[in-house]
Amino acid sequence: MHEQYDPQKIEENAQKTWEEHACFQATEYTNKEKFYCLAMFPYPSGRLHMGHTRVYTIGDVISRYQRMLGKNVLQPMGWDGFGLPAENAAIQNKIPPAEWTYKNIGFMRNQMKRLGLGFDWSREITTCDPNYYRWEQWFFIKLYEKGFVYKKNAEVNWDPVDQTVLANEQVVDGRGWRSGALVERREIPQWFFKITAYADELLNDLDKLPGWPEQIKAMQKNWIGRSEGVEVNFTLSHNQNEHLTIFTTRPDTLFGVTYIAIAPQHELAKQAANTHPALQQFLHECKNIKVAEAELATLEKRGLPTGLTAVHPITHEPLPIWVANFVVMDYGAGAVMAVPAHDQRDFEFAQHYKLPIKQVILPADQSEWDFSKAAYVSPGELINSAQFTGLSSEKAAPQIITLLENHDKGKAKIHFRLRDWSISRQRYWGTPIPIINCATCGTVPVPEKDLPVILPEQVKFSGVTSPLKSMPEFYEIECPNCHQQATRETETFDTFFESSWYYARFACKKQETAMLDGRANYWLPVDQYIGGVEHAVMHLLYARFIHKALRDEGLVNHDEPFTRLLTQGHVLKDGTKMSKSKGNVVDPEMLTTRYGADTVRLFVIFAAPPEQNLEWSDSGVEGAYRFLKRLWAFGYEHKNAIMHQNHTYSTDKAIDWDHSDPKQRDILRQLYDILDQIKYDYERLQLNTVVSGCMKLLNLLTKVPEATDPDNDYQEYIIQQGMKMLLSVLSPIAPHMTHQLWQDLRFPGLLLNACWPKGNSIAFKQDEISLVVQINGKLRSRITVAADANQEIIEQTALTDDKVKQIMSGKIVKKCILVPGKLINIVI
Ligand code: ANZ
Ligand code: ZN
């Protein structure tokens, strides 16, 4: 190799060596502990962007680090091949989605290889490959047979001009992205997974995941949204035999109900509208506005009275029933008992329509509440509530529930915000739903022997509609039951289905006769999962659900798929997220060509802790490059000395420390301290400070002095040891140049197979440290304690110090504040 740092040549060579030795091909059942590291696989959009570069580098660094620790590492990669962009590209450029997708995959795979990412490519998965999705179809049928799949009508976005269903992202400001037509809401039959059957488990098992960020668990909890409350039946005034059910989480406010509000889609609203044209008009207007639950709070509250009334279950007062746009049909009972004094939405509605506001909860401090501005929504003490007056909200709630239950007017109930997972997509580029619709037999699953239902890849797009709908050769099929002419489903699965089990499939390399096999239980759960926070809810929840369904099918034997989760931050430029639409992208490919992959990797790792946003900086890239050049130059400068040491001592040198130079000894000790810190930072995934640690190591190595006593000079030895250490710990981040330098300096074997450097042996431990003692923040003395002394011992030593005793002169210690390794402050 050259003395000049030539990243292109070095990287090409290193990658060739790894490939020749099949270094990253994982095998099962070794005597090593397994470590499965997975970064979320990408959608093959065409080119890697900086975000990809960052997340896959983080994953690779973790994988290589774990390998150094002696683990049996699996780090696979694949492609989330189905999805809408391929269809859009097909419509625009007239290329079939399959062709476009496979071309992109080829390109991106090469880009990944150039970055030196250590994937086991022998396990590559492409989800649009029939060998993959056939097992998805198979599993769907298993769930269907178990009753975990059902079909019901659900709303979709309908483009009246293009006569097609649109995905949410194809609706721009309420209009079809191509036609510009106002999008309508339509109900069509769709398939659902009963994810709600797992709601409790999905919620409770979050507690089994200490390795997940709290924030992500909170988001999942919110999404699952467990609410404990009560369903109350209000008899209808005009027909004592009928009642209206509502759901409330605040039974303590029962006496404050002044009206009932129902969703526009509620059956009662439809009935009332039959004789009420204005209401009919209002229901129609509501129909085309889909309200996301998050928008409910800020929505302009609108409604109309139905003219009907309901009877309060306890006081028997009549209560007007309103239709209100802030009530959603598919939550709770689609109806609420409105308590405007204590619920903000009810309050705003009541103010707008001049409905009465009746206070039944007093703030705990008994203060007056000003009801001209807002509702009082916290619990408190009941007033105006018959026999419950004077009780606290907490005490009253269960008593009121009991009263309702005793009168057969209600019962305690738990509701989840989580909805069943709608898995039908009216799109072409996805896994065909393996169902046959027969006029006689109804829905018939495709028999196992006929799987996969292959998606035809040679298709022509004429407009936005799925080409499958105009391919009788695809959908015309004989019913497997009665052998009459029937039709296939032409819809496809939500692509979240594919990404819900790919991590398990990676474990079962080349398995063609089953979905998964025993190897899944060897590799799973994934030890470290890495991906964007934008997947905090849907993807992770769906994957957890499918994992539990796989478990219940006997295919895996753990409860949770991902033990530890890291959500990496975004890559920003000038403060905003890098994105094509903002025109602020930096192409990683261009950087790799210019500086080499090691520089790119070093930069993205060094620039920010993994879970934080990374601000792009050209000078940061330059800095990373300079560091690598410096290290390279240093290695060559000391090449002969290091090689000499390598040659002389195959094992660690036994050194006569008693006669060694204290300055040299101190440097060696510092090297080992930094090594400890680096290990600690790797463990807690604070990878940016691993890089700072490496920079400190190099700086120290440039400062190793000659010993005063030439007979006891260990300068060369320290440089050799330090270099070995530095190349090892830096290798997960900059694997190519460290690989080459390791080889050029004649360290033994492949660096990739080297072990983590041995730690601080006793000889270099600093056994005593000196601490500053402060009293009330003022420096008063210094003490010497054992390096591993705990706070108690340090306090005792400080308090028995002569100078300290003098100043204290019997005063009482309020507390002691310890800054480890630095000082102890006695507060009196
Ligand atoms: C009376 C009441 C009084 C309420 C009060 C709140 C405060 P979570 O916690 O999210 O489950 N609600 C019930 N079903 C609804 C629907 N389909 N659309 C809109 N709102 C609905 O919220 C439960 C509360 O949300 C319920 O408790 C109900 O209002 C409302 F001082 O009932 B409450
Ligand atoms: Zn049939």
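Everything below is about the structure shown above.
In this text, all values refer to a predicted model and were calculated from it rather than measured experimentally.

Asker: Mind laying out the overall build of the protein, listing which residues take part and the relevant values?
Answerer: Per the secondary structure count, the protein includes 25 helices and 34 strands. Counting only C-alpha atoms, the protein reaches 110 × 85 × 50 Å along its principal axes. A burial count over the protein gives 53% of its 828 residues as buried. Expressed as a percentage of contacts within the protein between residues at least 6 apart in sequence, the contacts between residues at least 24 apart total 72%. Taken as a whole, the protein presents about 37,400 Å² of accessible surface, with 50% of it coming from carbon and sulfur.

Asker: Outline the pattern of salt bridges, listing residues and values.
Answerer: The tally for this structure, following the rule as stated, stands at 35 salt bridges. Notably, a salt bridge pairs R551 with D552, separated by 2.9 Å at the nearest N-O pair. For R551, a relative accessible area of 18% puts it in the buried group. On the basis of relative accessible area, D552 is assigned to the partly exposed category, the value being 38%. Here the salt bridges share partners, and the residues they tie into one network are E201, D205, K208, R544, K548, R551, D552, D559 and E560.

Asker: Hey, could you go over unusual backbone geometry for me, with residue numbers and the actual values?
Answerer: Glycine aside, the phi torsion of most residues is negative, and most peptide linkages are trans. Of note, the bond from L451 into P452 is cis; its omega dihedral lies within 30 degrees of zero at 0 degrees. Checked against the element boundaries, P452 lands in the loop between strand 22 (442-445) and helix 12 (472-475). Following L524, the chain continues into P525 via a peptide bond in cis, with omega recorded as -5 degrees. When you line up the elements, P525 lands in the loop between helix 14 (519-523) and strand 26 (526-532). A positive phi angle, close to 65 degrees, is found at H316, a residue other than glycine. With respect to the element layout, H316 can be found in the loop between strand 13 (303-311) and strand 14 (318-324).

Asker: Any chance you could break down the environment of I769 for me, citing the residues and the numbers?
Answerer: Topologically, I769 is positioned in strand 31 (residues 768-775). Spatially, the C-alpha atoms of I769 and K94 are 73 Å apart, while their sequence positions differ by 675 residues. Dropping the residues within four chain positions of it, I769 is found in contact with I783, T784, V785, A786, A787 and G821.

About the thresholds
- Residues numbered from 1 in each chain as written.
- Chains lettered and ligands numbered in written order.
- Predicted model: local features only at pLDDT ≥ 70, side-chain atom pairs only at ≥ 80, totals over all residues.
- Heavy atoms only, no water.
- Helix = DSSP H or I, 4+ residues; strand = E, 2+ residues; numbered from the N terminus.
- Buried < 20%, exposed > 50% of the residue type's maximum accessible area, 1.4 Å probe, protein only.
- Contact = heavy atoms within 4.5 Å.
- Areas by Shrake-Rupley, 256 points an atom, 1.4 Å probe, with all protein chains shown as cover.
- Salt bridge = Lys/Arg side-chain N within 4 Å of Asp/Glu carboxyl O.

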